[in-house]
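Working through the structure, step by step
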Amino acid sequence: MSKPNVFQTILSVAACKAARGLMRLRGSGGTALPGKAAMVFARNILERTSDGMEIIVVTGTNGKTTTCRMLEHALTSSGKECLANKSGANLLSGVTAEITCNATWTGKPKTHYAVIECDEGALHQVVPLIHPKVIVVTNLFRDQLDRYGEITHTRDAIRKGIKLVPDAKIVLNADDSLVASLAEDIPNAVIWYGCNVPLGEQKDAEISDAKYCLHCGTAYTYRWHTYAHLGAFECPKCGYRRQDPDAAVTKVTKSGADGTGFVLGLLDKKTGELKEHDVFVGLPAPYNMYNALAAITGGLCFGLSLSEIVPSLADVHSSFGRMETFDLGGKRVQMILVKNPTGCNQAMGYVKSIDEDFNLVFALNDRTADGHDISWIWDADHEMIADDPHVKQIYVTGDRAEDMQLRLKYADFDTKKITLVKDQTELLSKIKESTLPVFMLPNYTSMLSLRKLLSDATGGEDFWKG
């Protein structure tokens, strides 16, 4: 397909800018519809409006948005103007909207650098048009089964996209057996990252997404685990095993609510040794070490120096809805997006580590952006916090609040603590009445509505104004 001509480009850019302008006048972010309007006049307008840009793409199940925020912050902190699809609108239409609205009327990009979050299933549509310099793959977990199907289908969709851009450098999570298998039949240069140490205790029951070898079906053995099916995996029969990473966590030095510290080992290709550097990430929870590793490795491949990336991680801010904290009349309200069993388990593990009394909010929708299949809530280990004495009150809300309430009942939560609140304005009033901090665990579309409610109540800005 040839690039749009000048006439098509002008019409397409005008449609995109006009649609976004009108939507934002109405108080909407205008994340996807402007892209659809642009593609009416030129289906592949994205190839024109991204021409000449240096772009890094992040894909995978969990951690995309936070990893992108880390990369964007590193670029801007080093003095480079950077475009990013901060909203998380990561399908073709959303990426088209972000980049095309950034272009001149004739389709020339106004910004040289871009960090783009891309949906796994849309990678093959997006990357042939934007020709990224680097693609980072974070991890693969079961997510939106009604849309993606088996997890190997998601992996194959990513592989399909990677093969379309053979010149791109590919950054892979060495600890994820599913992600690691992408390297087996792609023409691209591959760079690895991972954790060379365990990250706390690991329950065997959590290793549910990839228990068996992709090649021979034998159960993996592990020298150590990090979480879920991630860790130093090895097949005892055929030998398929974790690759030694080029960038690795060699020691965890701090784990607290204010952030995470670790020692980073970078492979010296000449000596074969890991050179160590201290890193502090201004975000809590072990999975943010993986996000930081992905950002560091991807950033180095993109051309940033370690001295440009590492200092920026110390004051990186949470992405919207991902460990984002609001001050509601002096009360801390923290929002932690959950959308699949693994992410939910990590969020609850973090909540369980809080050493003070608090209230909980579970919010569950089943809209298209969430996936209509909500059966994943039965695979998440809600039982781990069922008897936590610090949990004083639990609110359930959202389109499928009753399902969430039932799940908590079966997890043996004290039903006297659980209140179903369908109306979110009423929920906000109940939160205001309490003196305790609140932790919210919403899935995607419920997070968007709750975030707007909190943002309006606390005088914050919409994500697209940030």
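Residues numbered from 1 in each chain as written. Predicted model: local features only at pLDDT ≥ 70, side-chain atom pairs only at ≥ 80, totals over all residues. Heavy atoms only, no water.

**Quick word on the overall build of the protein chain**
Per the secondary structure count, the protein chain includes 15 helices and 17 strands. Relative to a compact globule of 466 residues, whose C-alpha radius of gyration would be 23 Å, the protein chain shows 22 Å and is just as compact. Principal-axis analysis of the C-alpha atoms places the extent of the protein chain at approximately 65 × 55 × 40 Å. Every one of the 466 residues in the protein chain was classed for burial, and the buried ones make up 59%. Long-range pairs, those at least 24 residues apart, make up 72% of the contacts in the protein chain between residues at least 6 apart in sequence. Summing over all exposed atoms, the protein chain offers an accessible surface of approximately 18800 Å²; the carbon and sulfur share of this is 51%. Distance between charge centroids for the protein chain: 5 Å, based on 51 positive and 56 negative side chains. (Helix = DSSP H or I, 4+ residues; strand = E, 2+ residues; numbered from the N terminus. Rg over C-alpha atoms; globule rule 2.2 N^0.38 Å. Buried < 20%, exposed > 50% of the residue type's maximum accessible area, 1.4 Å probe, protein only. Contact = heavy atoms within 4.5 Å. Areas by Shrake-Rupley, 256 points an atom, 1.4 Å probe, with all protein chains shown as cover. Lys, Arg positive; Asp, Glu negative; His and termini not counted. Charge placed at Lys NZ, Arg CZ, Asp CG, Glu CD.)

**Things to note about the pattern of salt bridges**
Following the criterion strictly, the structure yields 23 salt bridges and no others. Asp156 is paired through a salt bridge with Arg159; the nearest N and O atoms lie 3.1 Å apart. Placement of both Asp156 and Arg159 in helix 8 (residues 151-163) is noted, with a separation of three residues, approximately one turn of the helix. Taking relative accessible area as the criterion, Asp156 reaches 32% and is therefore assigned partly exposed. Between Asp185 and Arg159 there is a salt bridge, and its shortest N-O distance comes to 2.6 Å. One end of the pair, Asp185, is in the loop between helix 9 (177-180) and strand 6 (190-195); the other, Arg159, is in helix 8, and 26 residues separate them in sequence. The structure contains a network of salt bridges with shared partners spanning Arg155, Asp156, Arg159, Lys163 and Asp185. (Salt bridge = Lys/Arg side-chain N within 4 Å of Asp/Glu carboxyl O.)

**Brief notes about the packing of aromatic side chains**
By the definition in use, this model includes nine aromatic pairs. A centroid spacing of 5.9 Å and a plane angle of 80° characterise the contact between Tyr227 and Tyr290, whose relative ring orientation is edge-to-face. Here Tyr290 lies in helix 10 (residues 287-302) and Tyr227 lies in the loop between strand 7 (221-225) and strand 8 (231-234), a separation of 63 residues in the sequence. The pair Tyr227 / Tyr290 is uniform in exposure class, with both members buried. Taking 5.3 Å as the distance between ring centres and 50° as the angle between the ring planes, the aromatic pair formed by Phe233 and Tyr240 counts as tilted. Just as Phe233 is buried, Tyr240 falls in that class too. (Phe/Tyr/Trp six-rings, centres within 6.5 Å; stacked < 30°, edge-to-face > 60°.)

**Structural notes on the domain arrangement of the protein chain**
Per the domain assignment, the segments making up the protein chain are domain 1 (6-314) and domain 2 (322-465). Placing the centre of domain 1 and that of domain 2 at their C-alpha centroids yields a distance of 26 Å. (Domains from an automatic or database assignment.)

**Some words on the pairing of strand 15 (residues 391-397)**
Counted residue by residue, strand 15 has six buried out of seven residues, so it is predominantly covered. Relative to strand 15, strand 14 (residues 358-363) is paired through six bridges, and the arrangement is parallel. Paired with Leu360 across the two strands is Ile394, which belongs to strand 15. As for the winding sense of the linkage, the β-α-β connection from strand 15 through helix 13 (residues 401-410) to strand 16 (residues 418-420) is right-handed. (Pairing = 2+ DSSP bridges. Right-handed = clockwise from strand over helix to strand, strands pointing away.)

**Re the pairing of strand 17 (residues 438-442)**
On a regular strand, each side chain points to the face opposite its neighbour's, so the side chains alternate between the two faces of the sheet. Among the five residues of strand 17, five are classified as buried, and the element is accordingly described as predominantly covered. Pairing of strand 13 (residues 331-336) with strand 17, which is carried by three bridges, proceeds in the parallel orientation. The residue bridging Met335 from the neighbouring strand is Met440, located in strand 17. With five bridges connecting them, strand 14 and strand 17 associate as parallel partners.

**Focus: the sheet that holds strand 11 (residues 274-281)**
Spatial strand order, 2-3-1-4-5-6-9-10-11: nine strands in an open sheet with mixed pairing. In the strand order of this sheet, the two ends are held by strand 2 (82-84) and strand 11, each with one partner. The mean inter-strand angle of the sheet, taken between neighbouring strand axes irrespective of direction, is 20°. Contacts from helix 11 (residues 306-314) reach strand 10 (259-267) and strand 11, with the element oriented near 30° to strand 11. (Axes fitted to C-alpha atoms, helices over the stretch in contact; angles between N-to-C directions.)

**Examining the sheet that holds strand 12 (residues 322-328)**
Strand order in this open sheet of six strands is 12-13-17-14-15-16, and the pairing throughout is mixed. Looking at which strands have only one partner, the edges of the open sheet turn out to be strand 12 and strand 16. Ignoring strand direction, the axes of neighbouring strands in this sheet form an average angle of 20°. Together, strand 12, strand 13, strand 14 and strand 17 form the strand contacts of helix 15 (residues 444-458), whose direction differs from that of strand 12 by roughly 30°.

**What to know about the environment of Leu313**
Secondary-structure assignment places Leu313 in helix 11. Take Leu313: its relative accessible area is 1%, and that puts it in the buried class. Distance in space between the C-alpha atoms of Leu313 and Glu426 is 37 Å, their sequence separation being 113 residues. Setting aside anything within four residues of it in sequence, one finds Leu313 in contact with Met70, Val279, Phe280, Val281, Gly282, Ala292 and Ile296.

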